[in-house]
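Each chain is listed here by its residues.
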Amino acid sequence: MRMSENEDSHNIAVKRFTFEEKELRTRITVSVPEVLDPQYGMYVWPCAVVLAQFVWTHRAELEGKTVLEIGAGVSLPGVLAARCGAQVTLSDSAELPHCLDNCRRTCQVNQLSVPVVGLTWGQVSSSLLLLPALDFILGSDVFYEPEDFEDILFTVAFLLRRSPHAQFWTAYQERSADWSIEALLHKWNLKCVDIPLESFEANTEHLAGSSLPGSHMVQMMVISLKEPWKR
């Protein structure tokens, strides 16, 4: 993956991520407009690049499938999934309209028509209930604040219960050895598989020549529902 960057006069930097399979001579470029502002959801974080690399590596599994990205922000993984042929819905906090606008901005730059919805983690809202049956859920760095972990996993478990064969693909940055979701996975009847970064060519400090993820410790997980659902 290669990345180039240019900045326009409206305080927006456009980063272009090119994912390529050299042997197959296949490539897809995703443009991501970053608003130069210290808001969490307004620029590309290291986990988004790792998750996007996982999406690219598994693009054949996504073609024609239904995908939701949660906490999408600049939406790099979700937009890449859409470019790979998935039917994608992007979502971010219903309380942060600027993040939803950023999702729409990324879609516009990439000439995509993708639904964008506001969700509130931990709440069964009408927007959540109206989502279609899913094959995959994407989330990069959603495990950021420990006080949000239970609401996130409640929402993921709710979606997986509606779509029992779906998977939640998530990359997270290790920030504290004390942070754990193991008890919450058990509570919400979920199981987790850790995915080695080398298995999808993401085990490099400068991922494919970009400055991300750099020296950050990023982990990749696939979370799914245990069977049967325990009431």
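On a predicted model such as this, the values are computed, not experimentally measured, just so you know.

Definitions and limits used
- Numbering of residues starts from 1 in each chain and follows the order in which that chain's sequence is written.
- Totals for whole chains, interfaces and linings use all residues, but because this is a predicted model, local features are given only for residues with pLDDT of at least 70 and pairs of side-chain atoms are given and counted only at 80 or more.
- Working from all heavy atoms in the structure, the side-chain values ignore hydrogens and water.
- A helix here means a DSSP run of H or I that spans at least four residues, while a strand means a run of E at least two residues long, and both kinds are numbered starting from the N terminus.
- Each residue is assigned to one of three classes by its accessible area relative to the maximum for its type, calculated with a 1.4 Å probe on protein chains only: buried under 20%, partly exposed between the two thresholds, exposed over 50%.
- The contact rule is simple, with two residues in contact once any of their heavy atoms fall within 4.5 Å.
- The protein chains shown are the only cover counted for residues, whose accessible areas, like all others here, come from Shrake-Rupley with a 1.4 Å probe.
- When the centres of two rings from Phe, Tyr and Trp lie within 6.5 Å, Trp using its six-membered ring, the rings pair. Their planes under 30 degrees apart give stacked, over 60 give edge-to-face, and anything left gives tilted.
- Geometrically, a lysine NZ or arginine CZ counts as sitting over a ring once it is within 6 Å of the ring centre and also within 35 degrees of the ring normal.
- The pLDDT value expresses, per residue, how confident the predictor is, ranging between 0 and 100.
- The axes are straight lines fitted to the C-alpha atoms, using for helices just the contacting stretch, and the angles between their N-to-C directions are given from 0 to 180°.
- Oblique is the label for any angle not under 35 degrees, not over 145, and not in the 65 to 115 range, which are roughly parallel, roughly antiparallel and roughly perpendicular in turn.
- Helix crossings fall into two classes, left-handed where the near helix is turned counterclockwise from the far one by less than a right angle and right-handed where it is turned clockwise.
- Throughout, a disulfide means two cysteine sulfur atoms within 2.5 Å of one another.
- Here, nonpolar core means buried Ala, Val, Leu, Ile, Met, Phe, Trp, Tyr and Cys residues that are tied together by side-chain atoms lying within 4.5 Å of each other.

Comments concerning the overall build of the chain
- For the chain, the count of helices and strands is seven helices and 10 strands.
- A total of 231 residues make up the chain; the buried ones form 51% of that total.
- Expressed as a percentage of contacts within the chain between residues at least 6 apart in sequence, the contacts between residues at least 24 apart total 71%.
- Of the roughly 11400 Å² that the chain leaves accessible, carbon and sulfur atoms contribute 49%.

Let's talk about the packing of aromatic side chains
- Within this structure, the stated rule accounts for eight aromatic pairs.
- Plain terms: the ring middles of Phe19 and Trp56 are 6.2 Å apart, the flat faces sit at 40 degrees to each other, and that makes the pair tilted. Of this pair, Phe19 sits in strand β2 (residues 12-21) while Trp56 sits in helix α1 (residues 46-57), and the two are 37 residues apart along the sequence. Judged on exposure class, the residue Phe19 and its partner Trp56 are both buried.
- Centre to centre, the rings of Phe154 and Trp188 are 5.3 Å apart; their planes meet at 70 degrees, and the pair counts as edge-to-face. Placement of the pair is Phe154 in helix α6 (residues 149-162) and Trp188 in the loop between α7 (182-187) and β9 (190-195), with a sequence separation of 34 residues.
- In this structure Trp188 comes out as buried when scored by relative accessible area, which is 18%.
- These aromatic residues form a ring-pair network of at least three members: Phe54, Phe136, Trp169 and Phe200.
- In this structure, Arg59 packs its charged tip against the face of Trp56, placed 3.8 Å from the ring centre.

Thoughts on the confidence of the model for the chain
- In this model, the chain carries an average pLDDT of 87, and 88% of its residues clear a pLDDT of 70 or more.
- Predicted confidence for residues 1-9 stays below pLDDT 50, and this span has 32 contacts to residues more than four positions away or in other chains.

Here we look at the packing of α1 against helix α3 (residues 76-83)
- Taken N-terminus to C-terminus, the directions of α1 and α3 make an angle of 20 degrees; their axes are 8 Å apart at the nearest point. Between α1 and α3, the angle falls in the class roughly parallel. Here α1 runs over α3; the crossing is right-handed. Here α1 contributes Ala48, Val49, Leu51, Ala52, Val55 and Trp56 to the contact with α3, which in turn contributes Leu76, Pro77, Leu80 and Ala81.

What about unusual backbone geometry?
- The phi angle at Asp141 is positive, at roughly 60 degrees, despite the residue not being glycine.
- Residue position: Asp141 is located in the loop between β7 (136-140) and α6.
- Exposure remark for Asp141: the relative accessible area of 11% places this residue in the buried category.

Looking at α3
- Counting buried positions along α3 gives seven out of eight residues, so the element sits mostly inside the fold.
- Taken residue by residue, α3 has Leu76, Pro77, Gly78, Val79, Leu80, Ala81 and Ala82 as its buried positions.
- A positive backbone phi angle near 105 degrees is found at Gly85, which sits one or two residues after α3.

Focus on the state of the cysteines
- Under the definition given, this model contains zero disulfides.
- Cys103 supplies the cysteine sulfur nearest to Cys107, a cysteine that is in no disulfide, at a spacing of 7.1 Å.

Quick notes on the nonpolar core
- Leu76, Leu80, Leu90, Trp169 and Met220 are the most contacted members of the largest nonpolar core, which totals 45 residues.
- A total of nine residues in this core trace back to one element, the largest contributor, which is α1.
- If sequence neighbours within four positions are ignored, Leu76 has contacts with Phe17, Phe19, Val30, Val32, Val44, Ala48, Val49 and Ala52.
- Leu119, Ile137, Leu159 and Leu184 belong to the second-largest nonpolar core, a separate cluster that totals 27 residues.

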